[in-house]
Number of protein chains: 2
Amino acid sequence: MLLKFPPSVPDNQKRDLTSQILDWCLTNGVVFENSDKPGNGLNVPVTLFPTPFSRHGYKNAIELQVLYNSLYHAVFKHPEFVIEQLSQLKEDEFTMKLLSIYENCSKRRTQNLTGGVFRSDYIVDKSRNSGEEGRQIKQVEFNTVSVSFGALSSKVTELHKFLAETAKTSVHGEVPVSKSLRDIAKGLATMHSAYGCQQAILLFVTQPNETNVMDQRLLEYELYREYGIISVRATLEQIHRKTTIGEQNRLIFIPTGAEISVVYYRAGYAPHEYATAADWTARERLEGSHAIQCPSIMTQLIGTKKIQQVLTKPGVIEQLQPNLTNTEIELIRKTFVGLWPLDETDLGKEGQKLAMQSPEKFVLKPQREGGGNNIYKKDIVKHLENIGHENWSSYVLMELIDPPKISNTILRNGDLVTGRVVSELGVFGTVLWDTEANKELMNNQAGFLLRTKTQKSNEGGIAAGFGCLDAVLLLSSR
Amino acid sequence: MLLKFPPSVPDNQKRDLTSQILDWCLTNGVVFENSDKPGNGLNVPVTLFPTPFSRHGYKNAIELQVLYNSLYHAVFKHPEFVIEQLSQLKEDEFTMKLLSIYENCSKRRTQNLTGGVFRSDYIVDKSRNSGEEGRQIKQVEFNTVSVSFGALSSKVTELHKFLAETAKTSVHGEVPVSKSLRDIAKGLATMHSAYGCQQAILLFVTQPNETNVMDQRLLEYELYREYGIISVRATLEQIHRKTTIGEQNRLIFIPTGAEISVVYYRAGYAPHEYATAADWTARERLEGSHAIQCPSIMTQLIGTKKIQQVLTKPGVIEQLQPNLTNTEIELIRKTFVGLWPLDETDLGKEGQKLAMQSPEKFVLKPQREGGGNNIYKKDIVKHLENIGHENWSSYVLMELIDPPKISNTILRNGDLVTGRVVSELGVFGTVLWDTEANKELMNNQAGFLLRTKTQKSNEGGIAAGFGCLDAVLLLSSR
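Owing to the predicted nature of the structure, the values given are computational and were not obtained by experimental measurement.

## Some remarks on the interface of chain B and chain A
(1) Moving on: Chain B puts 32 residues into the contact, and the matching count from chain A is 32 residues.
(2) Moving on: Buried area between chain B and chain A, summed over both chains or domains, comes out near 2,800 Å², and the portion from carbon and sulfur atoms is 59%.
(3) Moving on: For the pair chain B and chain A, the number of links is two salt bridges.
(4) Moving on: For Arg217 of chain B, the salt bridge goes to Asp23 of chain A, with nearest N and O atoms at 2.8 Å.
(5) Moving on: Connecting chain B to chain A are eleven residue pairs in polar contact (both at pLDDT 80 or more).
(6) Moving on: For the side of chain B that touches chain A, the secondary structure elements donating two or more residues are helix 1 (11-27), strand 1 (31-33), strand 2 (40-43), helix 5 (150-166) and helix 7 (214-227) of chain B.
(7) Moving on: With seven residues, helix 1 of chain B is the largest single contributor of residues to the side of chain B that touches chain A.
(8) Moving on: Here the side of chain B that touches chain A is built from residues that sort into 13 nonpolar, twelve polar and seven charged.

## Topic: the relation of the copies chain B and chain A
(1) Moving on: Taken as rigid bodies, chain B and chain A are interconverted by a rotation of 180° and an axial shift of 0.0 Å, the fit giving an RMSD of 0.0 Å. Taken together, these values place the two copies in the relation of a two-fold axis.
(2) Moving on: A share of 100% of the interface residues of chain B reappears at the interface of chain A, consistent with the copies meeting face to face through the same patch.

## With respect to the sheet that holds strand 13 (residues 339-341) of chain B
Residues and elements named next belong to chain B.
(1) Moving on: As summarised here, the arrangement of the four strands in space is 13-16-14-15, forming an open sheet in which the pairing is antiparallel. At either end of the open sheet lies a strand with only one pairing partner, and these are strand 13 and strand 15 (375-376).
(2) Moving on: Two strands pair when backbone bridges link them, and strand 13 and strand 16 (residues 396-399) are joined in this way by three bridges, in the antiparallel orientation. In the strand pairing of strand 16, Pro341 is matched with Val396.
(3) Moving on: Packed onto the sheet, helix 14 (residues 346-357) meets strand 13, strand 14 (362-365) and strand 16 and runs at close to 110° relative to strand 13.

## What about the UniProt feature "domain: Glutathione synthase substrate-binding" (unreviewed entry) in chain A?
(1) Moving on: UniProt marks residues 201-301 of chain A with the feature "domain: Glutathione synthase substrate-binding" (unreviewed entry), using the numbering shown here.
(2) Moving on: Each end of residues 201-301 of chain A is marked by a C-alpha atom, and these two atoms are 26 Å apart; helix forms 38% of the span and strand 26%.

## With respect to helix 15 (residues 379-386) of chain B
Residue and element names in this part refer to chain B.
(1) Moving on: Among the residues making up helix 15, those that are buried are Ile380, Val381 and Leu384. Along the axis of helix 15, the buried positions cluster into a sector of 100°, meaning they face one direction only. Set apart from the buried face of helix 15 by more than 90 degrees, the exposed residues are Lys382 and Asn386.

## Considering the packing of aromatic side chains
(1) Moving on: Inspection of the entire model under this criterion finds 30 aromatic pairs over all chains.
(2) Moving on: Here Phe162 of chain A and Tyr224 of chain B contribute two aromatic rings whose centre-to-centre distance is 5.3 Å and whose plane-to-plane angle is 75°, an arrangement assigned as edge-to-face. Placement of the pair is Phe162 of chain A in helix 5 (residues 150-166) and Tyr224 of chain B in helix 7, with the two residues belonging to separate chains.
(3) Moving on: Classification of Phe162 of chain A by relative accessible area gives buried; the value is 9%.
(4) Moving on: Judged by relative accessible area, which is 19%, Tyr224 of chain B ranks as buried.

## Thoughts on empty space enclosed by the protein
(1) Moving on: Taken as a whole, this structure holds five cavities of 30 Å³ or more when the rule is applied.
(2) Moving on: Of the volumes computed, that of the largest cavity is approximately 110 Å³.
(3) Moving on: Along the walls of the largest cavity sit 13 residues, with Phe94, Gln300, Thr304, Gln367 and Glu369 of chain A positioned nearest its centre.
(4) Moving on: Secondary structure elements with two or more residues in the lining of the largest cavity: helix 4 (93-108) and helix 10 (297-301) of chain A.
(5) Moving on: The leading source of residues in the lining of the largest cavity is helix 4 of chain A, at three residues.
(6) Moving on: Residue composition of the lining of the largest cavity, by class: five nonpolar, five polar and three charged.
(7) Moving on: Its volume calculated, the second largest cavity comes out at about 100 Å³.
(8) Moving on: Taken together, 13 residues line the second largest cavity, and the ones lying closest to its centre are Phe94, Gln300, Thr304, Gln367 and Glu369 of chain B.
(9) Moving on: Of all the secondary-structure elements, those providing two or more residues to the lining of the second largest cavity are helix 4 (93-108) and helix 10 (297-301) of chain B.
(10) Moving on: Sort the elements by how many residues they give to the lining of the second largest cavity and helix 4 of chain B lands first, with three residues.
(11) Moving on: Across the lining of the second largest cavity, the residue classes tally to five nonpolar, five polar and three charged.

## Focus: the confidence of the model for chain A
(1) Moving on: Of the residues in chain A, 95% reach a pLDDT of 70 or more, and the chain-wide mean stands at 92.
(2) Moving on: A low-confidence stretch, residues 458-463 of chain A stays under pLDDT 50, and its non-local contacts, those more than four residues away or across chains, total eleven contacts.

## With respect to the sheet that holds strand 2 (residues 40-43) of chain A
Strands belonging to one sheet form pairs held by backbone hydrogen bonds; the direction of such a pair is parallel or antiparallel.
(1) Moving on: Reading across the sheet, the four strands line up as 1(A)-2(A)-2(B)-1(B) and stay open at both edges, with antiparallel pairing between neighbours. Of all the strands in the sheet, just strand 1 (31-33) of chain A together with strand 1 of chain B have a single pairing partner and so form its edges. Shown here is a sheet whose adjacent strand axes are inclined to one another by a mean of 35°, direction ignored.
(2) Moving on: Note: strand 2 of chain A against strand 2 of chain B, three bridges, orientation antiparallel. Bridging across to strand 2 of chain B, Asn40 of chain A finds its partner in Leu42 of chain B.

## Some words on unusual backbone geometry
(1) Moving on: Omega for the bond connecting Cys294 of chain A with Pro295 of chain A falls within 30 degrees of zero, at 5°, which places this linkage in the cis form.
(2) Moving on: As for its position among the elements, Pro295 of chain A is in the loop between strand 12 (292-294) and helix 10.
(3) Moving on: In this structure, Phe149 of chain B takes a positive phi of about 75° despite not being glycine.
(4) Moving on: In this structure, Phe149 of chain B sits in the loop between strand 6 (136-143) and helix 5.
(5) Moving on: Of the residues examined, Phe149 of chain B reaches a relative accessible area of 15% and is grouped as buried.
(6) Moving on: A positive phi is found at Asn413 of chain B, a non-glycine position, where the angle reads about 50°.

Cut-offs applied
- Residues numbered from 1 in each chain as written.
- Chains lettered and ligands numbered in written order.
- Predicted model: local features only at pLDDT ≥ 70, side-chain atom pairs only at ≥ 80, totals over all residues.
- Heavy atoms only, no water.
- Contact = heavy atoms within 4.5 Å.
- Buried area = accessible area lost by both parts, 1.4 Å probe.
- Salt bridge = Lys/Arg side-chain N within 4 Å of Asp/Glu carboxyl O.
- Polar contact = N/O pair within 3.5 Å; in protein donor to acceptor, adjacent residues only side chain to side chain.
- Helix = DSSP H or I, 4+ residues; strand = E, 2+ residues; numbered from the N terminus.
- Nonpolar A, V, L, I, M, F, W, Y, C, P; charged D, E, K, R; others polar.
- Least-squares fit on C-alpha atoms with pLDDT ≥ 70 in both.
- Pairing = 2+ DSSP bridges.
- Axes fitted to C-alpha atoms, helices over the stretch in contact; angles between N-to-C directions.
- UniProt positions renumbered as here; feature names shortened; annotations may be inferred.
- Buried < 20%, exposed > 50% of the residue type's maximum accessible area, 1.4 Å probe, protein only.
- Arc of directions from axis to C-beta.
- Phe/Tyr/Trp six-rings, centres within 6.5 Å; stacked < 30°, edge-to-face > 60°.
- 1 Å grid on protein atoms, 1.4 Å probe; cavity = no way out; pocket = protein on both sides within 12 Å on 5 of 7 lines; lining within 4 Å.
- Points joined across faces, edges and corners; volume = space filled by probe spheres on them.
- pLDDT = per-residue confidence, 0-100.

Below is the structure:
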């Protein structure tokens, strides 16, 4: 089946296809902004063809999202459980600082609602089962903050569908279009509406010198076009200067005097983003305000690798969600790979032993979002030896997933690079939780994303410069 | 009234507005392509604020389009009249070559239908009348071939409407959105449908190294999304290699074997585009084929300045369109400025005298589309003295229009330039004519375009590097 892929295309047709893709990207906002040259954009790297992906795995991942959203709601509903787990990361200053803001703000909270735009990432695992039906998707991580590429994923899947239908690329199969742009905007609009003040505005928290601006702007335009909701963008530093707390704990955007309904974080997940005390002050002001946080600090914290690891321990899901059926639990559990703490518990000691004895099977992960922080295979031993033993417990050891290698061509900076690639499917979810009523007001699957990288760069995570956006090609069933 | 414009905006708000505009342009395809760097785009220059335009003039121009479409149909229906007029340009090799292809092909024509995407350009004239109501729009030219900016105009008007509604720019008034992208695509789809072969494709004739690609691609995507029509792009040189005439005089695109329903010209209007004999052969193949030409050579030729001049002669409209009412004739006539030939007729001798005696009141125009070919004011005398007297009759002398000067800021390459600007309103029209039945199958107004340039650059026509895209601001009535 897979032997048919990628289609063999003569060079002149490849040139034409490349030119079509570049034009499509530039016309539809699939560009990164050049922050040095205002008004200058470069196409986001993409594959030349959509990459075949297990139909069963794709379907499975899509279906799982609402279960995962609920599982994380169950975690969220037990802050004492989260705090207990995270207190084991006491050498991790960043997590501790977030926890302390959480605790400060929970005393003065006036807002029961908290929102989330999540993304659960999967890789197909080929080692444990054989054949299409037997292939399992395994969860890489569950993201609860600053989830990106929802908008661009919609665009790139539209591009590949368009090319498959018009460009005679001999790509045979189904290319589903991700509705993530529409659905994430809908999720944010639902939060805005639940806030209950139509003329309020959304605040996008952004990083300075962000280049992935269009992925955010597309949401902003969709929110305005479909719902009439106005958004503003500000960095933590700007938020410190430009927001204030008004009457009834309302968050106010000073330049226009507008009330802010939802604070949507596309930043704030990495320690380096809090360079000054003002940045932390800004975060605490947002967290303590009446505006709906998307996500709140607690929601951000449940996305740590530590929580991901704890959830794989036998009995934990059952304890958090006693109402789940065995089938549902099994569906979730099937996506787990082995995860170990490196602390002084029995499981932690087992993890330490595995890390030192067979590092080639593992990846070592700190409690960080955003990529580029992981340590792979033999580097794990070196790394653990270099950091003090007291810091080991801030990490989680994770079994490596063995994905099928497929050939494709990546278009980057006008160049075509053909080779074996590895793909990661992310499924988006939108939630709105009421802490007082202790219930889910919204729980939706919200489209998907396929990111593909060359096999080599797999060793370095989604290092800048190797990954690209892609679309799922569901081959016809045999 | 106009004193309120442009709004005074503090520098930091101007920076924010600039950044919003640049992001919007990059997200929505309002970019020129950098043909040297694949995948690299730069925002199309735009104004910071929509420019006030006479409400009366705007309304008038929109309403006039179907009358103008019909007037040109009347001209088209009298090829002997057109040939007689154009034969006076015998020193104009390019026009003569087009005429000879027209004549060759009319013998073997199998297609009764011919299409058009037109644009009639106007400038508000302030010298002859005073006050808003008295202001007249005067026609600059009527374009029948390679009409551009229909797609980008829709986008830029959407941008300015979005900013007026969200960015608190203090722009008070109505910012109409041009439906030109939708309407021109609809016009092309109507031609395709009239051709009568759903699986046929559209051929966009393009220039090599075109940078204004997105304006064309947007139409291509709209045609596919709304009508399922596939388009291909090719230069005349590529058309020479990649097309052939199949059975029943059908035009065939060789790489895919597809039949071509409509040939849509976004090139082919300037002599330098026909660099080799192959380019002329390609044009003749298209013209003589069964594919609907948009425009055909005759339709291209009725867009010459010579025809524009002849139409202003008393009695000509009446002769061509005996059924027009006096009111309709008056509406059209009101948009005329003085136009003279420079030939040996009485009118031509009057033109010669005016050109030499008071050149500061005139612009001298050759039979060329595309800008950059006109000679202004005192340069006219020099120019006429330099070319042989036998070439004078290839030109038309046109009274200059005196537009109101308004202040605005143009954003180009990240820089803001504030100053007096002059705006030109273009109104799009789409037509489909049946030469056998001698009737109009389609006659629509199809949106509009506002182009604005700094007052200085007015002297040099729409020279590359000075004009920008804009939106109409209709100030509230007093």
